[in-house]
Structure formats: C-alpha cells, structure tokens
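Coordinates in review
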There are 2 protein chains.
Amino acid sequence: MGIDPGTATTGFGLIRVSGNKFEALDFGLIETDKNGTTGKRLENIFGQVTSILKKFSPDIVAIEKLFFATNAKTAMAVGQAQGVMIFAASRSKIDVVEYAPGTIKKIIAGDGRADKIMVQRALRKVLGAKVRSKAKKRTHFDNAADALAVALCHAIKLKGGEKNG
Amino acid sequence: MGIDPGTATTGFGLIRVSGNKFEALDFGLIETDKNGTTGKRLENIFGQVTSILKKFSPDIVAIEKLFFATNAKTAMAVGQAQGVMIFAASRSKIDVVEYAPGTIKKIIAGDGRADKIMVQRALRKVLGAKVRSKAKKRTHFDNAADALAVALCHAIKLKGGEKNG
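Residues numbered from 1 in each chain as written. Chains lettered and ligands numbered in written order. Predicted model: local features only at pLDDT ≥ 70, side-chain atom pairs only at ≥ 80, totals over all residues.

Looking only at helices and strands, chain A has 6 helices and 5 strands in total. If you list the helices and strands of chain A from N to C, you get β-β-β-α-β-α-β-α-α-α-α. Taking all 165 residues of chain A together, the buried fraction comes to 48%. (Helix = DSSP H or I, 4+ residues; strand = E, 2+ residues; numbered from the N terminus. Buried ≥ 20, exposed ≤ 12 C-beta atoms within 10 Å, placed from the backbone.)

Right, let's talk about the relation of the copies chain B and chain A for a bit. Of the transformation superimposing chain B on chain A, the axial component is 0.0 Å and the angular component is 180°, with the fit at an RMSD of 0.0 Å. Viewed as a symmetry operation, the transformation between the two copies matches a two-fold axis. (Least-squares fit on C-alpha atoms with pLDDT ≥ 70 in both.)

Time to look at the nonpolar core. Membership of the largest hydrophobic core comes to 109 residues, with the highest contact counts inside it found for Leu148 and Leu152 of chain A together with Leu148 and Leu152 of chain B. Element by element, the count of residues in this core is highest for helix α6 (residues 138-158) of chain B, at 12 residues. When residues no more than four places from it in sequence are discounted, the contact partners of leucine 148 of chain A are Gly2, Gly13, Ile15, Ala24, Phe27, Leu123 and Leu127 of chain A. (Core = buried A, V, L, I, M, F, W, Y, C linked by C-beta atoms within 7 Å. Contact = placed C-beta atoms within 7 Å.)

Every contact between the two is made by 25 residues of chain B and, on the other side, 25 residues of chain A. For the side of chain B that touches chain A, the elements supplying multiple residues, two or more each, are α1 (38-56) and α2 (72-91) of chain B. With 15 residues, the top contributor of residues to the side of chain B that touches chain A is α2 of chain B. Tallied by class, the residues present in the side of chain B that touches chain A amount to 14 nonpolar, 7 polar and 4 charged. (Nonpolar A, V, L, I, M, F, W, Y, C, P; charged D, E, K, R; others polar.)

It is worth spelling out the packing of helix α3 (residues 101-109) of chain B against helix α4 (residues 116-127) of chain B at this point. Residues and elements named next belong to chain B. Orientation of α3 relative to α4, taken along the N-to-C sense of each, is 45°, at an axis distance of 9 Å. With respect to their mutual orientation, α3 and α4 come out oblique. The chirality of how α3 crosses α4 is left-handed. Counting all contacts with α3, which are made through Lys105, Ile108 and Ala109, the residues of α4 involved are Met118, Val119, Ala122 and Leu123. (Axes fitted to C-alpha atoms, helices over the stretch in contact; angles between N-to-C directions. Parallel < 35°, antiparallel > 145°, perpendicular 65-115°, else oblique. Left-handed = near helix turned anticlockwise from the far one by under 90°.)

Moving on to the sheet that holds strand β3 (residues 21-31) of chain B. In any sheet, the strands associate via hydrogen bonds between backbone groups, in a parallel or an antiparallel arrangement. Residue and element names in this part refer to chain B. Strand order in this open sheet of 5 strands is β3-β2-β1-β4-β5, and the pairing throughout is mixed. Edge positions in the sheet fall to β3 and β5 (95-99), since each of these pairs with one other strand and no more. Between one strand axis and the next, the sheet turns by 20° as a mean value, whatever way the strands run. Pairing analysis gives 2 bridges linking strand β1 (residues 2-4) to strand β4 (residues 60-64), with the strands arranged parallel. Opposite isoleucine 3, over in β4, you have isoleucine 63 as the bridge partner. (Pairing = 2+ DSSP bridges.)

Turning our eyes to something else, we now look at unusual backbone geometry. Phi at lysine 93 of chain A takes a positive value of approximately 60°, unusual for a residue other than glycine. In this structure lysine 93 of chain A comes out as exposed when scored by C-beta crowding, with 8 C-beta atoms within 10 Å.

All right, on to the pairing of strand β2 (residues 9-18) of chain A then. Residue and element names in this part refer to chain A. Direction of pairing for strand β1 (residues 2-4) relative to β2: antiparallel, over a ladder of 3 bridges. Bridge pairing in β2 links aspartate 4 to glycine 11. Alignment of β2 against strand β3 (residues 21-31), held across 10 bridges, turns out to be antiparallel. The partner of isoleucine 15 across the bridge, within β3, is alanine 24. If you look at the hairpin formed by β2 and β3, you'll find 2 residues sitting between the two strands, and glycine 19 has a positive phi there, around 60°.

Below, the discussion takes up the environment of phenylalanine 27 of chain B. All names here are of chain B. Here phenylalanine 27 is to be found in strand β3. For phenylalanine 27 and alanine 145, which are 118 residues apart along the polypeptide, the C-alpha to C-alpha distance reads 7.9 Å. In contact with phenylalanine 27, other than residues within four places in its own chain, are Phe12, Gly13, Leu14, Ala144, Ala147 and Leu148.

Attention shifts here to the environment of alanine 75 of chain B. All names here are of chain B. Mapped onto the elements of the fold, alanine 75 is located in helix α2. Taking the number of C-beta atoms within 10 Å as the measure of exposure, alanine 75 has 24 and is therefore buried. Placed 69 residues apart in sequence, alanine 75 and glycine 6 show a C-alpha to C-alpha distance of 9.2 Å.

In this section: the environment of arginine 113 of chain A. By secondary structure assignment, the location of arginine 113 of chain A is in the loop between α3 (101-109) and α4 (116-127). Separated by 10 residues in the primary sequence, arginine 113 of chain A and threonine 103 of chain A have C-alpha atoms spaced 9.3 Å apart.

Right under this line is the structure:
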C-alpha cells in the first residue's frame, strides 16, 4: 500500500506483485472534513487508513516522506496526518517504509526530477493503461497516482531494479 | 493538561484550578526509545498520553503549537508526534487547544519573548516554589515546565486575564 500524505486529501494506492507482474488493486483518496477540528480530522484519517489496511492486508505500507513544505503550517498539518497514518499501520502490525519524492521519481520514471506527467506515463506502462480510466476525476487520479507511485517504487526496489533506469 | 511536544522527549504537566488557586498536580516526560521504528515510537507516545488522560481525566489538553523548526526533518518528527497526541486526546473525547510559544510567554510571563528563566520564575510564582524541587533532574524540569506553562496559559486565558501583565 502506498500513501501520499497531503493536508486536505491524502492519496492511497494498492498494488499486487506477482513475479514480474504489477497490478493496481485499488486507489483513491482519504478525505476529511475541512471544517472539523484537528482531533476529529485525525480520528477520521486513522479510521479510513485502518479500514483500508483491514480490507487489503498489505505486506507493507510505503509512504512519501516530505522533507519540506512551502509553509511551516502546512508542514505541521501534513506531519500530524502522517504521524497518525504511521501509527495506524503500526497498530495493525504492518511495517512502514518511507521514500523521499526524488527517490520515487528516480525509481519509477528514471529521473529524480521527473514531473507529474512523466511519473503517470511510467505508472501506466507498468500498471496498465486502464489504471487512469478507473479514476472518476482528473484531480482524483493525480493524488492517487502519487500513492501508487510510492507503492510501486518499493516493489521495484525490493526486486532490486529501476524501471526505465 | 499541558503538552510540549519535542522530538525525543515530550513534556507534560497537569494543573488544577480552584477559584484563583492554581496547583501543579503532576508533570514529567513522555520518552520513547530512540532506536525504535517511527511506528513503535508513535504507538508508545499514544499509549503514554492515553494512560495520563485516563489517570487524570483533564477537562482539556493544551498543546504548544510549533510554527517552524530549525530543520524540516525535526519539524516532521515533531508534527508526527503531535498528530498522535491530538489523536489520543480526541479518542479520549477530550478537546485540544493549541497555543503559539509567543502567546504562552506573553500570558505567563507578560512578555512574548520571555526566556526560559523568566517563564520558570512566573510558573513558580503561580504554582508555588515547591514545583521546581519536585523534579528529579534539571533537564527533566526544563521540558516539563514548558508543558505546565501551556496548561497554565490556557487556565489564565479562560479566566480572562494575564498574570504579571
């Protein structure tokens, strides 16, 4: 399971690896009520992450590591959400690995500074062209794609290689 | 209950307010194993915060808000810990309020840029001279004092005043 934590919406993506075959099982967004208190929002995130973990029982959770954010308030909010997600995984006895954005791009698209389009192109190549069309909305997929990317990044790294590298 | 979140150690402090009397009930540190995984550390923090909340059933949790940190990695770690603490309070049905460091100093010591010594002097004045001597170690008190300060800050604010203001 890959997670791309954000302030308002967090992307998640689940992939299955069978031999050299990579398959997207599910992806989507973890959304919370913007008007809720921080506590309620974090409870909501914990609940949603825990139920996805229960449904799919992933071997591992790979989460995008954020080194900086444009402003400190955003960084703190993302850090808080990230903390609850890692806590949720740990509570469900699932290990968590963290990947820096540059590492994900390098492993997925062969370039640490690849843009969104390059990453999504690489994702389609590996997970199949149908992945994109499953998403209801463009923005929906943009967020979830980053989560699929971090999941795929870990899977490829486990196999000891880089796609398109 | 006041909480001063840090990376390795988090201070906590509990105060009781009866009329115009402020009393320190307990204070100390929430410490985690530096060598543990992030998940285990966050589980540990959740467990410790939850048991303090159960023991004292505070009316509210006041937490020091961090707007920035010297480096982004530290900010993220503090944000993660803070998220799990707010989550723990919310799970225990206890409201959380956040105060910026400057606000705490202003309300406690009458000066938004007061130093540690000034804040601790103001704390002793309000909570009694014995507070300091209860701490086993100097560093122990330094961390917990900030937590008592944020608890006291909220209590004073509720009464609509500023001590030493």
